Amino acid sequence: MRTPEQKKLLSEIKQKADSCMNSRKHANDLLDIISKLQDEDEITVIACIKNVGRLFSHYIDVGEMVMENTDTDDLSKEDQYKKWLRARYQDTVNSLIERLEQPNTTIQELSISVLMKYLTKESYRPLNKTGTDKAFPPQTLFKNIFEGLLSETVDNQHVIGRFQEYLDYDDIRYHTLKYIKTSHNNRNVTDVWLCNVFCVLENVTVPQNKKGYKRFLCKKPNEGHPVYKFENHQQAFSNAWLEYLKNKLSGTLYRKVLTIMHDKIIPNFSSPLLLSDFLIEAYNVGGAISLLALNGLFILIQKHNLHYPEFYERFYALFEPSVFHVKYKARFFYLADTFLSSSYLPSYLVAAFVKRLARICLSAPPAGLLVAVPFIINMIVRHPACKQLVHRPDREMGYDEDPYDHEEPDPAKCRAIDSCLWELKTLQNHYHPDVIKLAKKIEYGELPDMEMYIADKYDTTPDELFERECNKKMKTVAMTFEPPKGLFGTKDNKLDLCWTF
Amino acid sequence: MGKKKNKAHADNVRTKRKGGEKKMNPFEVKINPQKHDILGRKLTKFDKGMPGVSRSKAIKKRKETLLKEYQLQFKKNRFVDKRFGENDTGLSLEEKMMKRYALERSKATSQDKFNLNEDEELTHFGQSLADIEKFDVPVHSDDDDEEDKRAAAKIVAEQHFGGFMVRKKPEDEKKSWKERMEDVIKESKKKKHEKQVENEQALKMTEELDLQWKQLQSFVSKGKAKDAEEGNADDYDMAVKSLQFEMKGQATDRLKTEEELARDEKERLEKLEADRIRRMKGLTEEDSAPKSTHKSADDLDDGFYLETHDFDYVSYKDGEMNKEDTAISKDDDDENDDVGVNDDDEDNDDAVHQNIDDDNSDDDDNSDNDGDDDNEDDGDDDDVQSEDEEEDGKVEESDNDSDEEEDNFSDIVSDNESEDGETIETKKSCVTMVTKGKEKKTMKTDEEKKAMIDKAKKELPYTFKAPETYEELLEILEDHDLDDQFTIIDRIRKCHHPSLAEGNKQKLETLFSHLVQLYCELFIQDTPQLDYVDRLITPLYELAQMSPENAASVVISNLVDRHEEFKEICQNKNGRGLYPGLDTIMLFKLISILFPTSDFRHSVTTPSLLFMCEILACSPVIHSRDIVAGLLLCNLCLEYVSTSKRYIPEIINFLHGLLFLAIDKDNKKLESVKPPFKPVGKHINLLHVTSSVRSETTKSTFSLSEMLTVYIDDNVYNNNKFRVTAIDVCIKLLSEFSRLYSDIITYNEVFSPVLYMCEKLPVKKYPDNLQKSIQEFTSSCKELTNTGRNALVIQKKKPKPLRTFEPIFEERFDGRKKRQGGPKDFVEKQKLMHKYKKEMKGAIRELRKDTRFLARQHLKETMDKDYERKRKVNEIMGTLANQEGEYKKMKLGKLPDS
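Residues numbered from 1 in each chain as written. Chains lettered and ligands numbered in written order. Predicted model: local features only at pLDDT ≥ 70, side-chain atom pairs only at ≥ 80, totals over all residues. Heavy atoms only, no water.

Participant: How would you summarise a nonpolar patch on the surface if you had to cite specific residues and measurements?
Facilitator: Together, V873, I876, M877 and L880 of chain B line one region of the surface with nonpolar side chains, adding up to about 370 Å² of accessible area. By secondary structure assignment, the location of I876 of chain B is in helix α33 (residues 824-897). (Patch = residues over 30% accessible without salt bridge, like charges linked within 9 Å, V, L, I, M, F, W, Y side chains within 5 Å. Areas by Shrake-Rupley, 256 points an atom, 1.4 Å probe, with all protein chains shown as cover. Salt bridge = Lys/Arg side-chain N within 4 Å of Asp/Glu carboxyl O. Helix = DSSP H or I, 4+ residues; strand = E, 2+ residues; numbered from the N terminus.)

Participant: Please set out the packing of aromatic side chains residue by residue, giving values where relevant.
Facilitator: What the rule picks out here adds up to 37 aromatic pairs over all chains. With a centroid separation of 6.4 Å and 65 degrees between ring planes, the pair formed by Y308 of chain A and F311 of chain A is classed as edge-to-face. We classify Y308 of chain A as buried; its relative accessible area is 14%. Note on F319 of chain A and F332 of chain A: the rings are 5.0 Å apart at their centroids and 65 degrees apart in plane angle, and the pair reads as edge-to-face. On the criterion of sequence distance, the pair formed by F319 of chain A in the loop between α14 (311-317) and α15 (329-339) and F332 of chain A in helix α15 is long-range, its members being 13 residues apart. With relative accessibility at 1%, the residue F319 of chain A sits in the buried group. Among the residues examined, F332 of chain A registers a relative accessible area of 0% and is labelled buried. Geometry around Y316 of chain A places R356 of chain A over its ring, the cationic atom sitting 4.6 Å from the centre. The lysine or arginine in question, K665 of chain B, covers the ring of F660 of chain B, its NZ or CZ lying 4.9 Å from the ring centre. (Phe/Tyr/Trp six-rings, centres within 6.5 Å; stacked < 30°, edge-to-face > 60°. Buried < 20%, exposed > 50% of the residue type's maximum accessible area, 1.4 Å probe, protein only. Lys NZ or Arg CZ within 6 Å of the ring centre and 35° of its normal.)

Participant: A description of the environment of I160 of chain A should follow, citing residues and the corresponding values.
Facilitator: Residues and elements named next belong to chain A. Looking at where I160 falls in the secondary structure, it is placed in helix α7 (residues 157-163). Here I160 falls in the buried class, since its relative accessible area comes to 2%. The sequence separation of I160 and L100 amounts to 60 residues, and the corresponding C-alpha distance is 9.8 Å.

Participant: Requested: an account of the interface of chain B and chain A, with residues and values cited.
Facilitator: Taken together, the contact pairs 99 residues of chain B with 73 residues of chain A. A combined buried area of about 7,700 Å² lies between chain B and chain A, and 65% of that area is made up of carbon and sulfur atoms. When the buried area of chain B at its contact with chain A is split by residue, R601, L792 and I794 of chain B rank highest and sum to 12% of it. Of the charged contacts in the structure, one is a salt bridge between E469 of chain A and R601 of chain B, with a shortest N-O distance of 2.7 Å. Across the contact surface, chain B and chain A share 23 residue pairs in polar contact (both at pLDDT 80 or more). For the side of chain B that touches chain A, the residue count by class is 47 nonpolar, 24 polar and 28 charged. Judged from the two bridges that link them, strand β1 (residues 499-500) of chain A and strand β7 (residues 702-703) of chain B form a sheet pairing that is parallel. Its bridge partner being in β7 of chain B, W499 of chain A is matched across the sheet by F702 of chain B. (Contact = heavy atoms within 4.5 Å. Buried area = accessible area lost by both parts, 1.4 Å probe. Polar contact = N/O pair within 3.5 Å; in protein donor to acceptor, adjacent residues only side chain to side chain. Nonpolar A, V, L, I, M, F, W, Y, C, P; charged D, E, K, R; others polar. Pairing = 2+ DSSP bridges.)

Participant: Pulling in residues and values, what's your account of the nonpolar core?
Facilitator: For soluble globular proteins, nonpolar side chains are generally found buried alongside one another. By size, the foremost hydrophobic cluster in this structure holds 295 residues, and its most contacted members are Y118, W241 and Y244 of chain A together with Y519, L631 and L655 of chain B. For L655 of chain B, the contacting residues outside a window of four places in its chain are L631, C634, C730, L733, L734 and F737 of chain B. (Core = buried A, V, L, I, M, F, W, Y, C linked by side-chain atoms within 4.5 Å.)

Participant: Residues and numbers for the side chain of T584 of chain B, please.
Facilitator: Residue and element names in this part refer to chain B. Inspection of the secondary structure assignment puts T584 in helix α24 (residues 582-594). Exposure remark for T584: the relative accessible area of 6% places this residue in the buried category. The contacts of T584, once residues within four sequence positions are left out, are R562 and F611.

Participant: Describe a positive patch on the surface, naming the residues involved and giving the relevant values.
Facilitator: Residue and element names in this part refer to chain B. Among the surface-exposed residues, R55, K63, K837, K841, R845, R848, K849, R852, R856 and K860 lie close enough to one another that they form a single positively charged patch. Only α2 (51-64) and α33 provide two or more residues apiece to the positive patch. For the positive patch, the element with the most residues is α33, which contributes eight residues. Mapped onto the elements, R856 comes out in helix α33. (Lys, Arg positive; Asp, Glu negative; His and termini not counted. Charge placed at Lys NZ, Arg CZ, Asp CG, Glu CD.)

Participant: Describe the pattern of salt bridges, and please don't skip the residues or the numbers.
Facilitator: Going through the model one piece at a time under the given rule, you end up with 29 salt bridges over all chains. Close ionic contact of E451 of chain A with R382 of chain A constitutes a salt bridge, the shortest N to O distance being 2.7 Å. In this pair, E451 of chain A sits in the loop between α19 (433-439) and α20 (462-471) while R382 of chain A sits in helix α17 (residues 366-382), placing the two residues 69 residues apart along the sequence. Two residues, D490 of chain B and K494 of chain B, come together in a salt bridge whose shortest N-O distance is 3.4 Å. Of this pair, D490 of chain B and K494 of chain B both sit in helix α20 (residues 482-495), four residues apart, which is roughly one turn of that helix. A relative accessible area of 15% means that K494 of chain B is categorised as buried. Three or more residues are tied together by salt bridges with common partners; here these are K355, R359, D402 and E423 of chain A together with E749 of chain B.

Participant: If you had to explain the packing of helix α11 (residues 251-265) of chain A against helix α12 (residues 276-285) of chain A to someone new, which residues and values would you point to?
Facilitator: Residue and element names in this part refer to chain A. For the pair α11 and α12, interaxial distance at closest approach is 12 Å and the crossing angle is 120 degrees. With respect to α12, the axis of α11 lies oblique. As for the relative orientation of α11 and α12, their crossing is left-handed in sense. Here Y254, V257, L258 and M261 of α11 lie close against α12, whose contacting residues are F278, L279, E281, A282 and V285. The residue inventory of the contact of α11 with α12, partitioned by class, reads eight nonpolar, no polar and one charged. (Axes fitted to C-alpha atoms, helices over the stretch in contact; angles between N-to-C directions. Parallel < 35°, antiparallel > 145°, perpendicular 65-115°, else oblique. Left-handed = near helix turned anticlockwise from the far one by under 90°.)

Structure representation (structure tokens):
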């Protein structure tokens, strides 16, 4: 609740702003308001920001700060006043930029919107009648805002989220991208700064508009300005990202970039092949990062003719027991399904993948098996040549051991096609009843004619399995029939093997 | 005459509905004759019909509705309200009603003008008064009725109708009407009084007489012994009669001998075991039941079928025939290991023997379960208990104040829930909150104990209220020693046996849930009360047997709660879990005791196994306690799958990971381990033995009560002794699993990483016995890995027998087409479709009839019109002819005239 003093203060601020606006006599009240911007009390600050925003917008509108020439020493009183006013304006802008880093989100949001308002107003009525600033958008102010926004020390995610709506304006977007590209040279690159930049870049998309852009926040520049052209936007986007990706990114940031790579970055790039270095490097890291890089890489190969001869070998190496435990399990299986979808793939290759997957299934949790086993069966259905993995009637004498070589990194040499999927046979005895049912599909009459739809199961978690099992309604509950004699007193008891009371 | 007629007319209104039987014209009935009589089929409504009647009914209905509509088709008329006084604003509603009523009355009277006196009929509650008069219900049933009547008659005769019925007395004429009436009243009152007095006198006299008789009776009774005898004879007769009607002593089963009892028990167990095996394979009851296969006429009924799978494979062992289940032998030949199956059978035999041995106690249990016992002696059971204890040879008394502990339980539980486990310190801190006196155990002699039990029994009441809440249960149990607590639980169960009263079952079900809670909480005290728990198992088991569904739901809800906790921890820790406390782990044990673990799918054991494996797969080992908890879970998993031999990848992963923790690490090369273990990190040397350990100092088993306490005492874990024991347990479990999984075809792939780790173990530092067991394990592993394997072949389908053309007989035929079963919504849809079709057909039929009716109507109208026209034409022609005739006549007449 506001105390009476606060109320009084607020009305005072408002009154002072009004009087400033009405006549130059009360110009000195401006100083009070600006000093209040640094106040501790948030409500006061908010009121100040509102009033300051109103006030200077008004000044810019009426051209109160416009000066003919600033160089001469002997200024008329009029010009002196204007110069003084301009200095106050600068103060205000600076303190508002400081406010961007404040924890209070309301103040942050208010500051950014006031600053953007100034930007718009200034572009229509530039402060200097001559000089560089006449061009769109007022460069100095723009730069100042961005320096505050993309702080090197404070994580500004929230304000950037608010700023995002300005990115819908074509001019702002274009200049933001340009700014990011150039700022790499003169900024101190820290993790926080990278994070902030990522937040901005993450939200930028270049809308396909070949006719030319029309949605401008600031004053429209003359015809022929690069801001009107789609190609220039794309170029700016590509440059900004390429410059950004040159930095050394932290693990989480790296993963974030890779996660949005396929649907946000690549489609907006002018020549996506420029990303191939970055992606191949990421792919070679191994583990989850490779998995994420895979997606982008695949798009490059598929749509942009990237030649990557070792792709399937690399992908083969990704089939590790850990895929069932990482967060990106669903993405992995989705991609695996995509990569192995072509029926032109050689059967030895598909067999190798299938066999390797079956092998890692031996140590997989049921949530993974419920995806992997139908996946294997789908592969067999899709590539009929692989059916010999489960059906080899011509081989009479049997095997001494599995001909498949698990350690061999090259799928062509691992001899999977000579092997059989005994792993599925083992899984027919798994402890989860649904896994058994799936694994039994390799029996006669069970092998489906069509592939099973499993895309909805990629995300299954162990918790879901447990809950599903708990919610199963059973008509009767079977009970044991031999009365126990104490904790260790049942027939099946095995605890006494290694445990005592 | 008129009266009677009228009455019948009035009662028609009331009795209209009752006699609905119409006389049928036999010529209207059409019977659809059936060719054959079919037993058990109800007469449908299509057997008999009256087409004429129904047609005329339909036509009549159409005339009322469709025809009206048709006639008014192009007419736009106004509805005029012609009710009397409706448009007269001057009249109120009541007046209107009155007028209408009067009008109605007058109309009614005008109908029978010539009916002079009986112009209207009086009714009471819709029943004609004439009827009531006829009933002649006597108003007074007393003796003085007639007299009253007579008096009344006299008055009537004298006073009514001007008294012209009797000749009046001269003095009466002088009195006025009022005086006369007073006289009448006086007279009647007087008469009444007299009557009353008379009655009273009679009563008095009877009583007196009775009294006198009683006095006299004693003298008379001797003389009248016969009478008394008659009274006795009644008793005798009754006795005889009752004996006559009493159930005759029926032939009972003779008491069974020991062997027979044992055989019965064996049979029962065998049946249950067969049932269990069936469930293990995931077959439903119908699947296993001998199918009534369709037989052709050529069937010789010799039990010979073409399908090969019906053969029973037979194997012999020790001269005994083993009858294996066909499904097992149907599998790959290699997989079918005789040893494994025989193992199973041996187990069975063991179980049977055990059961024979423990017949006595079993009997008790059984009788409890069957609900046969109503008044079993309480003391009896106690004796059994005490005997059990004597057998144990352990006498103990727990002086712990259970109340105090229990009060703290809630705190412990909540603390346990909140424990994050990031650091062990948090665990410790939560435990330190609990303060309690340690359990004292004192040895006593048998005599002392007996005396004590006797004393305690004297103190204990024999009935207890069934506890509604957990706190109530603790209240009941507090201040009693261990034995008494179980006696109390036993008595609660006895008092509330479901056969005794309605609602007892619910009470026992709540008791079960509280006991489960008690069971779990006993584990999370400073020193887990394992002896207590041990004895708690029996009541838990018996209660669970009584209502399996409830037991399952209670246990599942417990599991779900614990799983929620685990899930929350996982979410907070980025998908990594935490090993749960002893209570959760032992809940799994309880489940394995109460429910069969070998079922293909069981509503309790399947989720519980899933939960255990999830814990093992998701929780990283960051402390030695985790190792112990994990090993215990592994052991429980072993127990779960020991009969069904299901494959659990998580166990092998975990044990493999533990061995990894124990090996000497090479800094240059990263070992490949499976999640949740990591090849690097600060916890990878948890089981690494730093210096050699002598064999005397190590144990080969863990103690449940010491290793998984809520406290964490680092001294217990941070020594080589602990590590050696852990490795020992690990190897033991591995060899058990290796034996269990010796059948699986990919044994090599599963166990080769384990074997690899085993070879890297620093065995030289281990004591001799451990070295030996590792040696044994690796050699047996190697033996099993070298077996060859067959190529996978999809087996050929069994040939289908040719179809025969004999009719298929349904066993229970109810004369209706059977709806195909299916998913619920499908069936529902089918039903609706059927209904829709029926309705649609009916509607179309009706519409056709409507059109036909209209067409008929149309034709009729046209014909009428034509006829009318013809008639008119004829008429005109007639007149014209007449005219013509007359004219001609005139002409002719004139002509002759002229």
